[in-house]
Structures are given as C-alpha cells and as structure tokens.
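Listed below are the residues making up each chain.
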Amino acid sequence: MPNQDTKLKLAAVLEELDMSRSAFYRMVARGKGPRTLKLPNGQLRVRRSDLDAWWSAQEQSTAA
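Bear in mind that the values here come from a model prediction, so they are computed numbers and not experimental data.

### Here we look at the overall build of the chain
- A count of helices and strands for the chain gives three helices and three strands.
- The helix and strand sequence of the chain, counted from the amino end, reads β-α-α-β-β-α.
- Taking 2.2 N^0.38 as the reference for a compact globule, 64 residues should give roughly 11 Å; the C-alpha atoms of the chain span a radius of gyration of 12 Å, in line with that estimate.
- With the C-alpha coordinates of the chain rotated into their principal frame, the extents come out at 40 × 30 × 20 Å.
- The proportion of buried residues among the 64 residues of the chain is 25%.
- Taking as baseline every contact in the chain between residues at least 6 positions apart, the subset at least 24 positions apart corresponds to 44%.
- Working note: accessible area of the chain is about 4,600 Å², and carbon and sulfur atoms make up 51% of it.
- Counting 11 positive and 7 negative side-chain charges, the chain places the centres of these two groups 10 Å from one another.

### So, the packing of aromatic side chains
- Tallied over the full model, the rule gives two aromatic pairs.
- Seen from their ring centres, phenylalanine 24 and tyrosine 25 are 6.3 Å apart, and the 65° between their planes marks the pair as edge-to-face.

### Re the packing of helix H1 (residues 10–17) against helix H2 (residues 21–29)
- Running from N to C, H1 and H2 cross one another at 95°; their axes reach a closest spacing of 10 Å. For the element pair H1 / H2, the angle class is roughly perpendicular. The residues of H2 that touch H1, namely those facing Leu10, Val13, Leu14 and Leu17, are Arg21, Phe24, Tyr25 and Met27.
- Its residues assigned to classes, the contact of H1 with H2 shows seven nonpolar, no polar and one charged.

Reading the values: the criteria
- Residues numbered from 1 in each chain as written.
- Predicted model: local features only at pLDDT ≥ 70, side-chain atom pairs only at ≥ 80, totals over all residues.
- Heavy atoms only, no water.
- Helix = DSSP H or I, 4+ residues; strand = E, 2+ residues; numbered from the N terminus.
- Rg over C-alpha atoms; globule rule 2.2 N^0.38 Å.
- Buried < 20%, exposed > 50% of the residue type's maximum accessible area, 1.4 Å probe, protein only.
- Contact = heavy atoms within 4.5 Å.
- Areas by Shrake-Rupley, 256 points an atom, 1.4 Å probe, with all protein chains shown as cover.
- Lys, Arg positive; Asp, Glu negative; His and termini not counted.
- Charge placed at Lys NZ, Arg CZ, Asp CG, Glu CD.
- Phe/Tyr/Trp six-rings, centres within 6.5 Å; stacked < 30°, edge-to-face > 60°.
- Axes fitted to C-alpha atoms, helices over the stretch in contact; angles between N-to-C directions.
- Parallel < 35°, antiparallel > 145°, perpendicular 65-115°, else oblique.
- Nonpolar A, V, L, I, M, F, W, Y, C, P; charged D, E, K, R; others polar.

In structure tokens:
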C-alpha cells in the first residue's frame, strides 16, 4: 500500500486524471483542483492523500 504522504509528480497525476497539463493548470488556478506543492525548482507535486481527498470530493459533488 502506498504511503499517504507520497508526493506524486505532475506527470503521474495527469495520467491518473487523464487530463492535459494546460487543463490541469486551469483547474488549479480556478481553485477546483487538488492541492499542490511547489518545489524550489518550480516543479509541482501532489500528495497522494490530497489527490485521494479531491477524488472523494468530486464523487460527492456529482452525487448531490
């Protein structure tokens, strides 16, 4: 089982979401995406736990 504090690279997140990089950046800019971490070199990471929580929130919002 993966560690919930694992930091995923953007490529892995995009693959899981089946989304383009530009669409992901737009979603995050609107405050609709998972929480991201910005590294000192400018790269983004997403905690596994944050992505899972975001997925859960999406499922709940479509069920309402």
